[in-house]
Amino acid sequence: MAERITGHTELIGLLAYPIRHSGSPAIHNEAFAYLGLDYAYLAFEVDNDTLEDAITGLKALKMVGANISMPNKIQTCKYMDKLSTAAELCGAVNTIVNKNGVLTGHITDGTGYMMSLKDNGIDPVGKKMTMVGSGGAASAIQVQAALDGVSEISVFNIRDKFWDNARAMVQKINDKTDCKVTLYDLADLDKLKAEMADSYLFTNATGVGMKPMEGQTYIPDASFFRPDLTVMDIIYSPTETKMLQMAKEAGCKTMNGMGMLLFQGAASFELWTGKKMPIEHMKEVLNIKYD
C-alpha cells in the first residue's frame, strides 16, 4: 500500500473497540488499489470515552469519512450534523461522510445483511426470522429486514439498561412497516427455542462469540437447531463461532458475517467515493465461499 500513498491521498478511518481483528482495512484498501483510487483506510481503537474527540479530529483532519463499529454506533448519532433516514430510524450510525465539514451519518449494516443473504441464495422475504440482539447492527438488520418484506421478527435481548431502547425500536418498526416484530427476554430460553423452531432464519446479531467472548454463545445446546433452519452469525472473526459449529453439526445451513461485512462495506465505499466496489474481485480476494 505504501507505494500508492501520496501527498494527495485522502484518509478514511474505522472507529471501534476492539478493532485490531477487523477485515475492513484489507477490503477497502484492496478495492481502492484495484480501481486506482487515491484513498487509504486505517483502523483506530476508539470507544465511547474517546469517540467525541475522534470525530472532532476526523473533521479537523478533513478525512473523507469513517466506518463506526461496536460500541460506538448509537453514540455516534449525537455528534452528526445530519442523519440519513435509515440512520435516524435505527438510531445508529456505521458510516460517516464528511462533505465540506458537514458530517452525515448513514447506516449500511441492514443493507449489507440482506444483500449477503441474497448473494447466498437465502430469501427471508415473506418469512419469519428470530434474532438475538438489539444494538446498532441488530437494529439496522431489523429495520432493513422489515422494509424488505420479512413478515415477522422475534427479537431476544438481555433485560438490561438498553431494554427500553430495544422496546422502542420494536414499536417503531411495527408502526412504520407491515412487519410484525416482538421483543422477548433472552432469559426465557424455552421461548427462544420455540421461536427458533418456527422460523426460517436465525441470526446472532451480538458480539458474543468474538474476542473477548470467543467460544461463548447464547444458545445452550444443539437441540435449539434443526436441519431446515438457516443460521447466520454477523461475526466474521473467528470465521466459525461456537454457535455456527453447533448449528452445522445439527445439519443447518450456516453463514458467518464476512458477506455482510463486504456488502455493507460496498455501500459505504460508494457513499465515500461515488464508485461501485468491485464485488466479484473482492469475493475472490477474500475467498468468500458459501456452504
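Here is a short report on the structure shown in this document. Note that the structure is predicted; figures quoted are calculated from it, not measured.

Moving on, we come to the environment of G23. By secondary structure assignment, the location of G23 is in the loop between β1 (10–16) and α1 (24–35). On the basis of relative accessible area, G23 is assigned to the buried category, the value being 16%. As for G23 and M258, which are separated by 235 residues in sequence, their C-alpha atoms are 8.5 Å apart. Discounting chain neighbours no more than four positions away, the residues touching G23 are Y236 and L261.

So, about the layout of surface pockets. By volume, the second largest pocket is sized at about 280 Å³. Lining the second largest pocket are 16 residues, with T239, M255, N256, M258 and K289 sitting closest to its centre. Put simply, the parts of the chain that give the lining of the second largest pocket at least two residues each are α8 (242–249), β12 (253–255) and α9 (258–273). Among the residues making up the lining of the second largest pocket, the classes are represented as seven nonpolar, five polar and four charged.

Counting buried positions over the seven residues of β1 gives five, a clear majority of the element. In the sheet, β1 pairs with strand β2 (residues 39–45) via seven bridges, with the strands oriented parallel. Looking across to β2, one finds that I12 is bridged to Y41. Handedness of the crossover joining β1 and β2 through α1: right-handed.

In this section: the pairing of strand β3 (residues 65–68). Of the two faces of β3, both are covered, the one formed by G65 and N67 as well as the one formed by A66 and I68. Note that β3 and strand β5 (residues 95–99) share three bridges and pair antiparallel. Bridged to G65 within β5 is V97.

Glancing now at the nonpolar core. Across soluble globular proteins, you tend to see nonpolar side chains buried next to one another. Core analysis: the largest hydrophobic core is formed by 48 residues, its most contacted members being I96, Y113, L117, M129, M131, I141 and I153. Not counting residues within four places of it along the chain, the set of residues in contact with M131 comprises A138, I141, Q142, I153, S154, V155, F156, F202, T203 and A205. If you look at the next biggest cluster of nonpolar residues, it comprises 25 residues, including I27, F32, M258 and A266.

Cut-off values and rules
Residues numbered from 1 in each chain as written. Predicted model: local features only at pLDDT ≥ 70, side-chain atom pairs only at ≥ 80, totals over all residues. Heavy atoms only, no water. Helix = DSSP H or I, 4+ residues; strand = E, 2+ residues; numbered from the N terminus. Buried < 20%, exposed > 50% of the residue type's maximum accessible area, 1.4 Å probe, protein only. Contact = heavy atoms within 4.5 Å. 1 Å grid on protein atoms, 1.4 Å probe; cavity = no way out; pocket = protein on both sides within 12 Å on 5 of 7 lines; lining within 4 Å. Points joined across faces, edges and corners; volume = space filled by probe spheres on them. Nonpolar A, V, L, I, M, F, W, Y, C, P; charged D, E, K, R; others polar. Pairing = 2+ DSSP bridges. Right-handed = clockwise from strand over helix to strand, strands pointing away. Core = buried A, V, L, I, M, F, W, Y, C linked by side-chain atoms within 4.5 Å.

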